[in-house]
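# Chain and residue survey
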Amino acid sequence: MEAYFNGEIFVRRTPFIYQEYFKKQIISVFELMQQIDTSMAIAETEEQMLLLNQQKMRMENILDLCNSEANKKISNGFDSFFVLKINKDGSKTIIETGTAGSVRYLSNISMQELEQKYQSLLEFMETSRFIGKFAKISKSETAKQNGAAIYIPEQPMLILYQSETMTIGIDELGTNLYVNQDIKIEYENKFFPEANDSKTVYGITHRIIANKGETENKNIFNKIISAKRANQIKSSDDEMEL
């Protein structure tokens, strides 16, 4: 079992199913039903009892829907970043987030579920193929047919890492995650090996998410190159001291 830190960024290993994605809401419905039962036990009039019965029926209908759709895949989640929040009591919450600042608290999560369904972003980059080329991104025919909402930059994006299912690119708005089947990529010829610095890319991504998209992101490519060279200089200095 690995040790994870508060605020660590993850990507999905597996698609979401309905019951998992709406776990927090389902728990809230159960809690509301318990409150209704308590109120019914002390209700003093038939009017109060009737109103509470109506509320309980609505909650039961929601649970019936959740149970009927429980194993239905409702979202692949492969184009989202997720942040781990470690609470004061030691419990862990997984948060779906975007570089534009959108946040969705999904639910508490066990270590077993975290390791089975999520992968550290840093691990993903270190085990994926490095690309290191600028490219024009466009929607694939599949994405057009599905009406998928995908960020398509006007300018070429620096494509960094690619696995069998996902691609990570970076532009002036920050780090972007794509499902391979959703996009078409037209690469430019020039290769930038200096951009192969997963820790720097991870650090930039972390700062953008932590600041909810408000970080100054211009010339991110230059930041990657500068950080890479700074690390190389520091390594050379360390070697000279030895």
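Residues numbered from 1 in each chain as written. Predicted model: local features only at pLDDT ≥ 70, side-chain atom pairs only at ≥ 80, totals over all residues. Heavy atoms only, no water.

## A closer look at the environment of Ala-149
Test applied: Secondary structure elements follow DSSP: runs of H or I no shorter than four residues count as helices, runs of E no shorter than two count as strands, and numbering proceeds from the N terminus.
By the secondary structure assignment, Ala-149 is in the loop between helix 6 (141-146) and strand 9 (157-162). Sequence separation of Ala-149 and Asp-182 is 33 residues, and the distance between their C-alpha atoms is 9.8 Å.

## A short note on the confidence of the model for the protein
Here is the rule: How sure the predictor is of each residue is captured by pLDDT, a score from 0 to 100.
Averaged over all residues, the pLDDT of the protein is 80; the fraction at 70 or higher stands at 81%. No element of the protein has a lower mean pLDDT than helix 8 (residues 220-241), which averages 54, and none a higher one than strand 12 (residues 183-187), which averages 95.

## Considerations on the sheet that holds strand 12
Note the cut-off: Strand pairing is assigned whenever DSSP detects at least two bridges linking the two strands. Note on geometry: axes are lines fitted to C-alpha atoms, helical ones only across the stretch in contact, with angles between N-to-C directions running from 0 to 180 degrees. Contacts were defined at the residue level, with two residues in contact if any of their heavy atoms lie within 4.5 Å.
Spatially, 5 strands are ordered 11-10-9-8-12 in an open sheet, and the strand pairing comes out antiparallel. Of all the strands in the sheet, just strand 11 (174-179) and strand 12 have a single pairing partner and so form its edges. On average, each strand axis in the sheet is tilted by 45° relative to the strand beside it, whichever way the strands run. As judged from the 5 bridges shared by strand 8 (residues 129-139) and strand 9, these two strands associate in the antiparallel manner. The residue of strand 9 that forms the bridge with Arg-129 is Gln-162. Sheet strands touched by helix 7 (residues 198-210): strand 9, strand 10 (166-171) and strand 11. Its angle to strand 11, the strand with the most contacts, is close to 100°.

## Things to note about the nonpolar core
The tendency in soluble globular proteins is for nonpolar side chains to be buried side by side. We apply this condition: In this description, a nonpolar core means a group of buried Ala, Val, Leu, Ile, Met, Phe, Trp, Tyr and Cys residues linked to one another through side-chain atoms lying within 4.5 Å. A simple rule labels every residue: compare its accessible area, found with a 1.4 Å probe on the protein chains alone, to the largest value its type can have, and call it buried under 20%, exposed over 50%, or partly exposed in between.
By size, the foremost hydrophobic cluster in this structure holds 26 residues, and its most contacted members are Val-11, Phe-81, Leu-121, Phe-124, Met-125 and Leu-160. Secondary structure elements with two or more residues in this core: strand 1 (9-12), strand 4 (81-86), helix 5 (121-127), strand 8, strand 9, strand 10, strand 11 and helix 7. By residue number, the principal contributor to this core is helix 7, which donates 5 residues. Here Phe-81 is in contact with Ile-9, Phe-10, Val-11, Ile-95, Glu-96, Thr-97, Leu-121, Thr-175, Leu-177, Thr-205 and Ile-209, once residues within four sequence places are set aside. Grouped together as the second largest cluster of nonpolar side chains are 12 residues, Phe-10, Phe-16, Ile-94 and Ile-109 included.

## Some remarks on the side chain of Ser-198
Relative to the helices and strands, Ser-198 resides in helix 7. Residue class for Ser-198 comes out buried when judged on its relative accessible area of 13%. Sequence-distant contacts of Ser-198, that is, excluding residues within four places in its chain, are made with Leu-122, Met-125, Glu-126 and Tyr-161.

## A few points about the pairing of strand 11
Taking burial as the measure, the 6 residues of strand 11 include 6 buried ones, the bulk of the element. Hairpin remark: strand 10 followed by strand 11, antiparallel, with 2 residues in the connecting loop.

## Points about the packing of aromatic side chains
Note the cut-off: Working definition: a ring pair exists when centres of Phe, Tyr or Trp rings (six-membered ring for Trp) sit within 6.5 Å. Plane angles under 30 degrees give stacked, over 60 give edge-to-face, the rest tilted. Charge over a ring is defined by NZ of Lys or CZ of Arg lying within 6 Å of the ring centre and within 35 degrees of the ring normal.
This model, assessed by the stated rule, comprises 6 aromatic pairs. Look at Tyr-4 and Phe-10: their rings are 5.3 Å apart centre to centre, the planes differ by 70°, and that puts the pair in the edge-to-face class. Of the residues examined, Tyr-4 reaches a relative accessible area of 16% and is grouped as buried. For Phe-10, a relative accessible area of 0% corresponds to the buried category. Each residue in the set Phe-16, Phe-82 and Tyr-118 is aromatic and connected to the rest through ring pairs, giving one cluster. Across the ring face of Phe-16, the terminal group of Arg-12 is positioned such that the distance to the ring centre comes to 3.8 Å. For the cation-ring pair, Arg-12 lies above Tyr-118, with the distance from its terminal atom to the ring centre recorded as 4.6 Å.

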